[in-house]
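Architecture and fold: a report
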Amino acid sequence: MNIAIDGPAGAGKSTIARLAANRLGFVYVDTGAMYRAIALYLLDAKTDIEDEQALKNALSNIHINIVYESNVQHVFLDLQDVSTEIRSEKVGNMASKSSALAPVREKLLDLQRDIAAKNDVIMDGRDIGTNILPNAELKIYLTASVDVRAKRRYDELILHGEKPDLEDIKKGIETRDYQDMNRDIAPLKQADDAVLIDSSDMTITEVVDTIVKLAEEKK
C-alpha cells in the first residue's frame, strides 16, 4: 500500500509521515531529504545550476543510498551519512530551486518508485500524489497557514541552538511556496483525489490519528 503526502514547506509532512508510518508499520520515505542531499552536493561543489551541462555532470557524480534502520530513513551521499547536514536552511533553499529542474527530478524518480513498489510506504514531498505515485491508495494534502509554518520552523531552529529571525523565515517560506507552486515541472498542487488536512489548529497527534484512520479505511 502506498500513501502519498504532499504539501508546502513547513507543513509538518516529515514529522507526521514518520509517526504515521510507525503506527501503520510502513516504511517512511522522505523524498525531500533526497532532494536536499543533491542540493548539499551542488552547494559544496559550487555548481551553477543554471548551466545545464554543468548540472548534468554534477548529477552523474552523485550517488544517493537510502538505508532504513528500525523504519528510520538515513540518507547517504556517496558513503557519508548526511541526514543531519541536509536540514539547514541554506540546503533547503537550494533544494527548492534545484528540485524544479528536470535532470534532478529524473535522477530520483526511479529510486523513489522502486522503493514504493517493494514496500508499504508513506512518501512525502511536493508532487508525490500528482506525479511520483499517481496510483497511491491514499493521498493527503497537508497544509497550514504561513504564520503557523514559520513559527514551527522558528521553534525547531531554536531547539537546535540557532538564532533565527521569524520574519526572515516567513519570507523564505513564502518564496519557497511561490517557487514550488509555479515551477514548470511537477508544481506543488493538491491532487484531485487527495484529502485536504489543514493542521494550523491541530496537534501532531490529531493529524497522525486522522491519517491512520483514513489508511485503515483503505485497507
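The structure presented is a predicted model; accordingly, all values stated were derived computationally and were not measured.

Our focus in this paragraph is the sheet that holds strand 6 (residues 121–125). If you trace the five strands from one edge of the open sheet to the other, you get 2-6-1-7-8, paired in parallel fashion. Only two strands of the sheet have a single partner each, and these edge strands are strand 2 (27–30) and strand 8 (195–198). Adjacent strand axes in the sheet meet at a mean angle of 20°, parallel and antiparallel pairs treated alike. In this sheet, strand 7 (residues 138–143) lies alongside strand 1 (residues 2–6) in parallel orientation, the contact comprising four bridges. If you follow Ala4 over to strand 7, its bridge partner there is Lys139. Sheet contacts for helix 9 (residues 204–218): strand 1, strand 7 and strand 8; angle to strand 7, the most-contacted strand, approximately 165°.

What follows covers the pattern of salt bridges. Counted according to the given criterion, the structure contains 13 salt bridges. Its salt-bridge partner being Asp127, residue Arg105 comes within 2.6 Å of it at the nearest N-O pair. Taken together, the residues span a long stretch of sequence, with Arg105 in helix 5 (residues 102–118) and Asp127 in the loop between strand 6 and helix 6 (128–132) at a distance of 22 residues. There is no split in this pair, since Arg105 and Asp127 are both buried. The partner of Arg183 in a salt bridge is Asp180, with the nearest N and O atoms 3.8 Å apart. The pair formed by Arg183 and Asp180 is uniform in burial state, with each residue classed as buried. Each of the salt bridges in this network shares a partner with another, and the network as a whole consists of Glu89, Arg153 and Glu156.

This brings us to the environment of Lys139. Its location among the elements puts Lys139 in strand 7. A C-alpha to C-alpha distance of 14 Å links Lys139 and Tyr28, two positions 111 residues apart in sequence. A distance of 3.1 Å separates the side chain of Lys139 from the backbone oxygen of Gly129, its partner in a polar contact. There is a polar contact of 3.2 Å between the side chain of Lys139 and the side chain of Asp193.

About the criteria used
Residues numbered from 1 in each chain as written. Predicted model: local features only at pLDDT ≥ 70, side-chain atom pairs only at ≥ 80, totals over all residues. Heavy atoms only, no water. Pairing = 2+ DSSP bridges. Helix = DSSP H or I, 4+ residues; strand = E, 2+ residues; numbered from the N terminus. Axes fitted to C-alpha atoms, helices over the stretch in contact; angles between N-to-C directions. Contact = heavy atoms within 4.5 Å. Salt bridge = Lys/Arg side-chain N within 4 Å of Asp/Glu carboxyl O. Buried < 20%, exposed > 50% of the residue type's maximum accessible area, 1.4 Å probe, protein only. Polar contact = N/O pair within 3.5 Å; in protein donor to acceptor, adjacent residues only side chain to side chain.

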